[in-house]
Amino acid sequence: MPRLRTSRTKRPPDGFDEIEPTLIEFQDRMRQIENTMGKGTKTEMLAPIFQLHHQRSRYIYDLYYKREAISTELYNWLLKQNYADGNLIAKWKKPGYEKLCCLRCIQTAESKFGSTCICRVPKSKLDKDQRVRCTHCGCNGCASCD
Amino acid sequence: MASEGDSIDYYELLGINEDAQDQEIHRAWRKTSLKYHPDKNPNDPKAAEKFHMLQLAYNALIDVQLRKAYDSERFAKLARKRREEAFNFQRKSMVDDLRERERQFYDSLEKKENERDRLQEKLRALQEESANLRRQRENRLREEQEQSKRRKQETPSSKISELDRSIRIRWKRKYADQVNDAYLRSIYSSFGTLQNVVIQKDISKEKKYVYSIIVFETLSSAYSAINAEKPSKIYDVQWLKPPKSNSNTPTEKDTTVEDYEEITIMRMKQKHKQKQKENERKATSTMNA
């Protein structure tokens, strides 16, 4: 979650007021998800939070790297304020990880046989009828070649 | 021969007790030697040997010194025999015990194997059950995805609902003849592709304004139409469905990152235009001054 801004906090860099409404909307949606936590397993309940976190990070990443619509200063400030996940973005910059859903899916230490999550497997490598749903964040497949 | 003689009990051979006197020994010897004499038993090849053994027994028992030595040796032999018998019994019981233990061990092994087989069967059953469950879950997921696909096909291509992409336009009744479908299309098609244009038909004389609804194909084009300067003859332009948040973007759960980016870019462009206009105004004001 982004840091709380108080009266002592420095003014955000130029261009923040243009993306602020969208970030506020993300914040509202996150609050809404947290308030309406449904029934089900822990992972099922946390999946929408993971997805929204991914969406917000992707929004900032695209604005800076793809559209080049925000300044480096603003981008660094957003990362510092935890509006986007810097570690996840660092992975997106690497070949093969462009669509990575969350960092837990590439943690080999967490799995029994030292493998990554099923959602990292390309659709072409899976069986025809096999439908995958990641246990960490509900991802349906985030291989770069899909 | 001597070794054979050692193994034979002389008292038994003569048929007397251990505490027999010399006379008894002599009598017994006479009796048995007559019985086993080779001349008396011509058909028995072992008769001579037996007779010789009787002679040895008599000689050993009649002499006091020899008898003492023989008795002590015999006693030692008997004691050893008893000991061996006791030992054999002990060994037998040990062997029996060992056999019993072995049997128990093999029984337990068999029991373990049976248990393992039972466990494996249980595991197999569980695996089959879990495989069935997985198959069911996959089928359910597939069905859900197919349903969502069907729903997507049924619904329009844009993820954002029509209400959110619609704007409401008003103009004064006196321009009712001039502002028509073609006029609205010519103005608003510059912002993006129009999906639909609906104009209010029955205009009563009491009403001051005429209304129209324009549905855009993308949210960004609707957004740009709202924020652009209103054309002449148009009184005002508003969202058909007022936004929930303080931003001018409709909050939709299905709004993609691309939509958000488009909106942000639009905001930036508008801000840039505003700055340019301000600069122009400043420039004109300085020129006038």
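Each chain carries its own residue numbering, running from 1 in the direction its sequence is written. Both sets of labels track the order of writing: A upward for chains, 1 upward for ligands. With the structure being a predicted model, the display of local features is reserved for residues of pLDDT at least 70 and the display and counting of side-chain atom pairs for 80 or more, all residues being used for whole-chain, interface and lining totals. As a rule here, side-chain values cover all heavy atoms of the structure and leave hydrogens and water aside.

Going by UniProt, chain B carries the name Pre-mRNA-splicing factor cwf23 and comes from Schizosaccharomyces pombe. Check the Function section of the UniProt entry for chain B; it says "Involved in pre-mRNA splicing. May be involved in endoplasmic reticulum-associated protein degradation (ERAD) and required for growth at low and high temperatures (By similarity)." UniProt positions are given in the numbering used here, feature names are shortened, and annotations may be inferred rather than shown by experiment. Per its UniProt entry, chain B bears the Sequence similarities comment "Belongs to the DnaJ family."

If you check UniProt, chain A appears there as Pre-mRNA-splicing factor cwf14 from Schizosaccharomyces pombe. What UniProt records for chain A under Function is the sentence "Involved in mRNA splicing where it associates with cdc5 and the other cwf proteins as part of the spliceosome." The UniProt entry for chain A carries this comment under Subcellular location: "Nucleus".

Draft legend 1. A look at the overall build of chain A. Where helices and strands are cited, they refer to DSSP runs of H or I of at least four residues and of E of at least two residues respectively, numbered from the N terminus. Summing up its helical and strand segments, chain A has 4 helices and 0 strands in all. The buried share of chain A, reckoned over its 146 residues, is 40%. Throughout, the Shrake-Rupley method with a 1.4 Å probe supplies accessible areas, and for residues the shown protein chains are the sole cover considered. For chain A, the accessible surface area stands at approximately 8800 Å², while carbon and sulfur atoms represent 49% of it. Relative accessibility decides the category of a residue: with a 1.4 Å probe and only protein chains considered, values under 20% of the type maximum give buried, values over 50% give exposed, and everything between is partly exposed.

Draft legend 2. Seen up close, the confidence of the model for chain A. Values of pLDDT, which run from 0 to 100, indicate the predictor's confidence residue by residue. Per-residue confidence for chain A gives a mean pLDDT of 86, with 96% of residues at or over 70. Per-element confidence in chain A is highest for helix H4 (residues 86-92) of chain A, whose mean pLDDT is 95, and lowest for helix H1 (residues 16-35) of chain A, whose mean pLDDT is 86.

Draft legend 3. Geometry of the nonpolar core. Counting 29 residues, the largest nonpolar core has Phe16(A), Ile19(A), Leu23(A), Tyr59(A), Ile60(A), Ile70(A) and Leu78(A) as the members making the most contacts within it. If one sorts the elements of this core by residue count, helix H2 (residues 42-66) of chain A sits on top with 7 residues. The contact criterion used throughout is that any non-hydrogen atoms of two residues lie within 4.5 Å. In contact with Ile19(A), other than residues within four places in its own chain, are Tyr59(A), Leu63(A), Ile70(A), Leu74(A), Leu78(A), Thr264(B), Arg267(B) and Met268(B). Side-chain atoms within 4.5 Å link the members of a nonpolar core, which is a set of buried Ala, Val, Leu, Ile, Met, Phe, Trp, Tyr and Cys residues.

Draft legend 4. Structural context of the packing of aromatic side chains. Residues and elements named next belong to chain A. Whether two aromatic rings pair depends on their centres lying within 6.5 Å, for rings of Phe, Tyr and Trp, where Trp uses its six-membered ring; planes under 30 degrees apart make the pair stacked, over 60 edge-to-face, and the rest tilted. Summed over all chains, the structure comprises 13 aromatic pairs over all chains. Summarising the aromatic geometry, the rings of Phe16 and Trp77 are spaced 5.0 Å apart at their centres and angled 70 degrees between planes, so their arrangement reads as edge-to-face. Here the residue Phe16 occupies a position in helix H1, and Trp77 occupies one in helix H3 (residues 72-80), the gap between them amounting to 61 residues. Residue class for Phe16 comes out buried when judged on its relative accessible area of 2%. Its relative accessible area of 11% is what places Trp77 among the buried residues. Taken together, a centroid distance of 5.8 Å and an interplanar angle of 55 degrees make the contact between Phe26 and Tyr59 tilted. Of this pair, Phe26 sits in helix H1 while Tyr59 sits in helix H2, and the two are 33 residues apart along the sequence. Among the aromatic residues, those joined into a ring-pair cluster are Tyr61, Tyr64, Tyr65, Tyr75 and Trp92. A cation sits over an aromatic face here: Arg58 above Trp92, 4.1 Å from the ring centre. Geometrically, a charge over a ring is one whose NZ (Lys) or CZ (Arg) sits within 6 Å of the ring centre while staying within 35 degrees of the ring normal.

Draft legend 5. Structural context of the pairing of strand S1 (residues 166-172) of chain B. All names here are of chain B. Among the 7 residues of S1, 5 are classified as buried, and the element is accordingly described as predominantly covered. Two strands qualify as a pair provided that DSSP identifies no fewer than 2 bridges between them. When S1 meets strand S3 (residues 209-216), the two strands line up antiparallel, connected through 7 bridges. In the strand pairing of S3, Lys172 is matched with Tyr209. As defined by bridge partners, S1 adjoins strand S4 (residues 236-239) across 4 bridges and the pair is classed as antiparallel. Along S4, the bridge assignment pairs Ile167 with Trp239.

Draft legend 6. A look at the sheet that holds strand S2 (residues 194-199) of chain B. All names here are of chain B. Across the sheet, which stays open at both edges, the 4 strands sit in the order S2-S3-S1-S4 with antiparallel pairing between neighbours. Looking at strand neighbours, the two that pair on one side only are S2 and S4, the edges of this open sheet. Direction aside, neighbouring strands of the sheet carry axes that sit 20 degrees apart on average. To get an axis, a line is fitted to the C-alpha atoms, and for a helix only the part in contact is used. The angle between two axes follows their N-to-C directions and goes from 0 to 180 degrees. In the packing of helix H6 (residues 181-188) onto the sheet, contacts are made with S1, S2, S3 and S4, and the angle to S2 comes to roughly 145 degrees.

Draft legend 7. Representation of unusual backbone geometry. Residues and elements named next belong to chain A. The phi dihedral of Glu68 is positive, around 55 degrees, even though this residue is not glycine. Looking at the element boundaries, Glu68 is found in the loop between H2 and H3. In the Ramachandran plot, Asn82 falls in the positive-phi region, its phi being about 65 degrees despite a non-glycine side chain. Here Asn82 is to be found in the loop between H3 and H4. On the basis of relative accessible area, Asn82 is assigned to the partly exposed category, the value being 37%.

Draft legend 8. Examining H3(A) more closely. Residue and element names in this part refer to chain A. Within H3, burial applies to Leu74, Tyr75, Trp77 and Leu78. Angular distribution of buried residues about the axis of H3 spans 165 degrees; they occupy a single face of the element. Set apart from the buried face of H3 by more than 90 degrees, the exposed residues are Glu73 and Lys80. Asn82 lies just past H3 and shows a positive phi near 65 degrees. By arc we mean the arc of the directions from the helix axis to the C-beta atoms, nothing more.

Draft legend 9. Geometry of a nonpolar patch on the surface. Residue and element names in this part refer to chain B. Together, Phe105, Tyr106 and Leu109 give the surface a local cluster of nonpolar side chains, amounting to about 310 Å² of exposed area. Relative to the elements of secondary structure, Leu109 occurs in helix H5 (residues 64-154). Leu109 gets classed as partly exposed once you look at its relative accessible area, which sits at 32%. For patch building, the residue pool is restricted to those with more than 30% relative accessible area and no salt bridge; the joining distance is 9 Å between like charges and 5 Å between nonpolar side chains (Val, Leu, Ile, Met, Phe, Trp, Tyr). Counted as salt bridges are all cases of a side-chain nitrogen of Lys or Arg within 4 Å of a carboxyl oxygen of Asp or Glu.

Draft legend 10. Geometry of the side chain of Ser220(B). Residue and element names in this part refer to chain B. Topologically, Ser220 is positioned in helix H7 (residues 219-227). Overall, Ser220 belongs to the buried group, its relative accessible area being 11%. Those residues in contact with Ser220 that lie beyond four places of it in its chain are Glu262 and Met266.

Draft legend 11. The arrangement of the packing of H1(A) against H3(A) in detail. All names here are of chain A. Between H1 and H3, whose axes approach to 12 Å, the crossing angle comes to 35 degrees. Once H1 is placed against H3, the crossing between them reads as right-handed. On H3, the residues touching Phe16, Ile19 and Leu23 of H1 are Leu74, Trp77 and Leu78. Along the lines of polarity and charge, the residues of the contact of H1 with H3 split into 6 nonpolar, no polar and no charged. Two helices that cross are described as forming a left-handed crossing if the nearer one is turned anticlockwise from the farther one by less than a right angle, and a right-handed crossing if clockwise. Side-chain classes are defined by residue name, with Ala, Val, Leu, Ile, Met, Phe, Trp, Tyr, Cys and Pro counting as nonpolar, Asp, Glu, Lys and Arg as charged, and the others, Gly among them, as polar.

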